[in-house]
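# Fold and geometry: a report
One letter stands for each residue in the lines below.
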Amino acid sequence: MTTDPVKLAPSILAADFAHLGDQVLEAERAGADRIHADVMDGHFVPNLSMGPMIIRSLRTVTRLPLEAHLMISNPDAFVDEFARAGVDSFLVHWEGNNNLSRTVRSIKALGKRVGVAINPATSAAVLEEILQDLDQVLVMTVNPGFGHQSFLHGTLPKITRARRMIDRIKPGCGLVVDGGIDAETAPLAVAAGADVLVAGSAIFNDGESVIAAMERLRSAIRL
Ligand code: DX5
Ligand code: ZN
């Protein structure tokens, strides 16, 4: 049996919220690995998005794992509520968290998967001491806060550095990239070492169906 080693995580930030359940179901039928929900508080990033209510609603329509990417100033105050709403997996940022190990441990204590995200200006080296405790690492390929931004090519060498660190310290840890992923940039990120692609506007857009968009991304990374 062969399985596609690169996973697709559609980001619902770009979805049509009037038809969110249908769009998520379409992504599920098209073979999405998980649903990525971007949580923004207008403080950690200059944008507002969604809270646990959206997760609670989606929990009733899809069997896919729900992943919360917390771009908020105080993740510790909200992980319980998101977990109760049905989040399976959390991504928390290194930036601005003076007690990252505590945050990671409290998420693990809830029985959930945990990953740490780093912004474009943050070195992969900051992951070294925490990597052993993680299920995933997320290298941001845009500055967080908005969908529809252009992929920052300067992050590619960092993806490769993160890949080497994972292979050395925690083989099996996922290496996720997020931001500006489309049919042109996905192969670059995969060649650099990513094995999970978060994509918003390349999957949810007016130009094509979710199924067609995901197939286009998949063929772009097929060797
Ligand atoms: C940005 C978010 C991304 C965003 C990606 O802060 O973390 O998940 O939805 O959107 P695209 O794929 O449009 O760049
Ligand atoms: Zn995200």
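Look up: the structure comes first, before these words.
Residues numbered from 1 in each chain as written. Chains lettered and ligands numbered in written order. Predicted model: local features only at pLDDT ≥ 70, side-chain atom pairs only at ≥ 80, totals over all residues. Heavy atoms only, no water.

As a further point, take the overall build of the protein chain. Across its full length, the protein chain holds seven helices and eight strands. The C-alpha radius of gyration of the protein chain comes to 16 Å, within 12% of the 17 Å expected for a compact globule of 223 residues. On the principal axes, the C-alpha backbone points of the protein chain span a range of 40 × 40 × 40 Å. By the burial criterion, 50% of the 223 residues in the protein chain qualify as buried. In the protein chain, of all internal contacts separated by at least 6 residues, the share reaching a separation of at least 24 is 64%. Carbon and sulfur atoms make up 52% of the accessible area of the protein chain, which amounts to about 10200 Å² in all. Measuring between centres, the 21 positive side-chain charges of the protein chain sit 6 Å from its 26 negative side-chain charges. (Helix = DSSP H or I, 4+ residues; strand = E, 2+ residues; numbered from the N terminus. Rg over C-alpha atoms; globule rule 2.2 N^0.38 Å. Buried < 20%, exposed > 50% of the residue type's maximum accessible area, 1.4 Å probe, protein only. Contact = heavy atoms within 4.5 Å. Areas by Shrake-Rupley, 256 points an atom, 1.4 Å probe, with all protein chains shown as cover. Lys, Arg positive; Asp, Glu negative; His and termini not counted. Charge placed at Lys NZ, Arg CZ, Asp CG, Glu CD.)

Ranked by size, the top nonpolar core spans 63 residues in total, and within it Ile12, Leu70, Phe90, Leu134, Val137, Ile159 and Leu197 carry the most contacts. Ranked by the residues each element gives to this core, the list is headed by helix 5 (residues 156-169), at five residues. Sequence-distant contacts of Leu70, that is, excluding residues within four places in its chain, are made with Val39, Pro75, Val79, Phe82, Phe90, Leu91, Val92 and His93. Listed in part, the nine residues of the second largest apolar core include Ala9, Leu91, Met140 and Val198. (Core = buried A, V, L, I, M, F, W, Y, C linked by side-chain atoms within 4.5 Å.)

What follows covers the coordination of the zinc ion (ligand 2). Ligation of the zinc ion (ligand 2) by protein atoms is provided by His36 (NE2), Asp38 (OD), His69 (ND1) and Asp178 (OD), these donors lying 2.0 to 2.3 Å from the ion. Around the zinc ion (ligand 2) sit six donor atoms; with metal-centred angles ranging over 71 to 169°, the donor geometry is octahedral. For the zinc ion (ligand 2), the single-chain donor residues occur in sequence as H-x1-D-x30-H-x108-D. With Asp38 in strand 2 (residues 35-40) and His69 in strand 3 (residues 66-71), this pair connects stretches of sequence that are 31 residues apart. Of the two residues, Asp38 and His69, neither departs from the other in class, the shared state being buried. (Donors = N, O, S within 2.8 Å, 3.2 Å for Na, K, Ca; no water. Tetrahedral: all angles 85-135°; square planar, octahedral: opposite > 155°, others 65-115°.)

Glancing now at helix 2 (residues 52-59). Pro52, Ile55 and Leu58 are the residues of helix 2 that are buried. The buried residues of helix 2 occupy an angular sector of 125° when projected down its axis, which confines them to one face. Where helix 2 is buried, its residues touch helix 1 (20-29), strand 2, strand 3 and helix 3 (79-85). (Arc of directions from axis to C-beta.)

So, to be careful, I would describe these as geometric facts and stop short of saying anything about function.
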